[in-house]
Every structure is written in C-alpha cells, then in structure tokens.
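An overview of the molecular structure
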Amino acid sequence: MNMILLGPPGAGKGTQASILEERHGLKQLSTGDMLRSAVASGSELGRQAKQIMEDGQLMPDDLMIEMISRRIDEPDCRKGFILDGFPRTVPQAESLDELLEQKGLALEAVIEIKVPDEALVRRIETRRAESARNGSAARSDDTVETLNKRLAVYHGQTAPILPYYERTGRLKQVDGLAPIEEVTAQIEEVLGVAVKG
Ligand code: AMP
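Numbers given for residues are sequential positions, taken from 1 along each chain in its written order. The predicted origin of the model limits local features to residues at a pLDDT of at least 70 and limits the giving and counting of side-chain atom pairs to 80 or more, whereas totals for whole chains, interfaces and linings rest on all residues. Only hydrogens and water are removed before side-chain values are computed, so all heavy atoms of the structure are retained for them.

1. A short note on the packing of aromatic side chains
Pairing of aromatic rings covers Phe, Tyr and Trp, the last counted by its six-membered ring, and requires centre-to-centre distances within 6.5 Å; plane angles under 30 degrees mean stacked, over 60 mean edge-to-face, and any other angle means tilted. In this structure the tally under the stated criterion is 1 aromatic pair. The interplanar angle of 75° and the centroid separation of 5.1 Å between the aromatic rings of Y164 and Y165 together place this pair among those described as edge-to-face. With a 1.4 Å probe rolled over the protein chains alone, any residue whose accessible area is under 20% of its type maximum counts as buried; one over 50% counts as exposed, and the rest are partly exposed. The class for Y165 is buried, based on a relative accessible area of 0%.

Okay, structure coming up:
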C-alpha cells in the first residue's frame, strides 16, 4: 500500500509515519530527513538545503521529484511506502501522479492530519522547552519564527494540493489534535487495516 501523509509542519506526520512503518511494514519516506542527511554529509545538495530549510522555504520542485522518484525504486519500498513531507506543491503532486503511473504503482490513500496553526505554535514552544530542559539539541528550523514562515509557505504552496486530491476523491482527513494513538487509530480506520494488539 502506498500513501501520503499531508498536514502542516509539526502536525505529527513523521510520528505517525514511523508508527505505521513499524506496525504495517510500510517504508517511511521523509524528504525532510533525506535533506537533513544531505546537510550532515556536507554534500553540494546539503549546502543548498541548509539555507533553504533554515529560512523555512521550499527546495526546487525538480530536485525533490527526482529525489523521491529514485527513492521509490529502492527494494525496501516494495511492500509500500508512506510519503511524509512530499508532495509539498501542486507541481510535485502532479509529477507524483505521473511518475507513479510510469512505474505502475498505485496511490491508495492521501490523508490530511488537521491541526490549527495556534496548536502548532504551542507544540513548538513545548518541544523547545523540553529540549532545553534535557540538554538535547533542537532542530535548527524548530523555532516559532521559522514555524511562522513555514506555515505561510504551507498555506500558500502546500495547502493548494488538498483540493487537487479532493477533486479526485482521494483525500481523507483525521483530527491531529487527538492523542497520538488515537490519530494512528483514525488513520488505520481510513486505510481499513486491522489494528494489532
Ligand atoms: P520536514 O522535515 O518535512 O518538515 O522538512 C524540512 C524542510 O525541508 C522543509 O521546511 C523544506 O525546506 C524542505 N523540504 C522537505 N520536503 C520538501 C519538499 N517535498 N519540497 C520542498 N522542500 C522540502
């Protein structure tokens, strides 16, 4: 089964994708994680990504489409994958449909994790307070200032893909304000997969 998790930054896409990966054997494909690895490796792509990510802006569509197209071909995606952070623009969504068709792959579900902006700001403040308390490093793009920029980008460039999926009857929504396990249960219900143990 191949699916997309959509939602604003901090909605819990990554958390849900890793739970679904563990429970259902679907591969989590996070374009943000791929870019953070590129930054850590010091590659040319990483140098470009660092600035853009810290500014809360988006990487060029063609780069991201190529990155995800290559990743989907890897053997660990054969059982299915969860796209987390891709697509983020209408051109990315359109290209994804084309490339899945070329590869003979289906897209079974597009799930939006809905969370209002105010709740996202509260979440980020809690996360930063927690990492300050336990001395761990916070993500460098995890500040209220960057969140506000990322939210503007989300509403301007990413949210327009929701009607794209709605028009084709593929969009399902879950309540991202619910506790983590409940969000997972809602997603599993949408997917029609049995909840284990
Ligand atoms: P994320 O971890 O998904 O929140 O992504 C972190 C950052 O990586 C984003 O704020 C963007 O700068 C960049 N990024 C991740 N995925 C994409 C994408 N599909 N298109 C463009 N930029 C992306």
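2. A word on the site of the ligand
By convention in these notes, a residue is near a molecule or strand provided one of its non-hydrogen atoms lies within 4 Å of it. Surrounding the ligand, one finds 15 residues, the nearest of these being T31, R36, Q57, G85 and R150. Within the side chain of T31, an N or O atom sits 2.8 Å from a nitrogen atom of the ligand. Here a polar contact means two N or O atoms within 3.5 Å. Within protein one must be a hydrogen donor candidate and the other an acceptor candidate, and residues neighboring in sequence count only if both atoms are side-chain atoms. One of the side-chain nitrogen or oxygen atoms of Q92 is found 3.0 Å away from a nitrogen atom of the ligand. Summarising the interface, the protein chains cover 96% of the accessible area of the ligand, which totals 480 Å² for the free molecule. Strands here are runs of E lasting at least two residues and helices are runs of H or I lasting at least four, both read from the DSSP assignment and numbered beginning at the N terminus. When residues of the shell around the ligand are assigned to their parent elements, the largest contribution, 4 residues, is made by helix α2 (residues 31–41). For every accessible area listed, the method is Shrake-Rupley and the probe measures 1.4 Å; residues are considered covered only by the protein chains on display.

3. Re the pattern of salt bridges
Salt bridges, as used here, are contacts in which a Lys or Arg side-chain nitrogen is within 4 Å of a carboxyl oxygen on Asp or Glu. Summed over all chains, the structure comprises 10 salt bridges. Across the pair E21 and K27 runs a salt bridge whose closest N-O atoms are separated by 3.7 Å. By relative accessible area, which is 26% here, E21 ends up partly exposed. Among the salt bridges present, the one from E66 reaches R70, with a minimum N-O distance of 3.2 Å. Residue E66 and its partner R70 are both found in helix α4 (residues 61–72); the two are separated by 4 residues, about one turn of the helix. For E66, a relative accessible area of 45% puts it in the partly exposed group.

4. As for helix α3 (residues 44–54)
Within the span of α3, buried status applies to G46, A49, I52 and M53. What you see down the axis of α3 is that its buried residues fit within an arc of 135°, all on one side. Along α3, exposed side chains directed more than 90 degrees from the buried face belong to E44 and R47. Residue contacts are counted whenever heavy atoms from the two residues lie within 4.5 Å of one another. At its buried positions, α3 is contacted by α2 and α7 (144–158). In the stretch just after α3, G56 is the one whose phi turns positive, near 75°. Here, the arc refers to the directions that run from the helix axis to the C-beta atoms.

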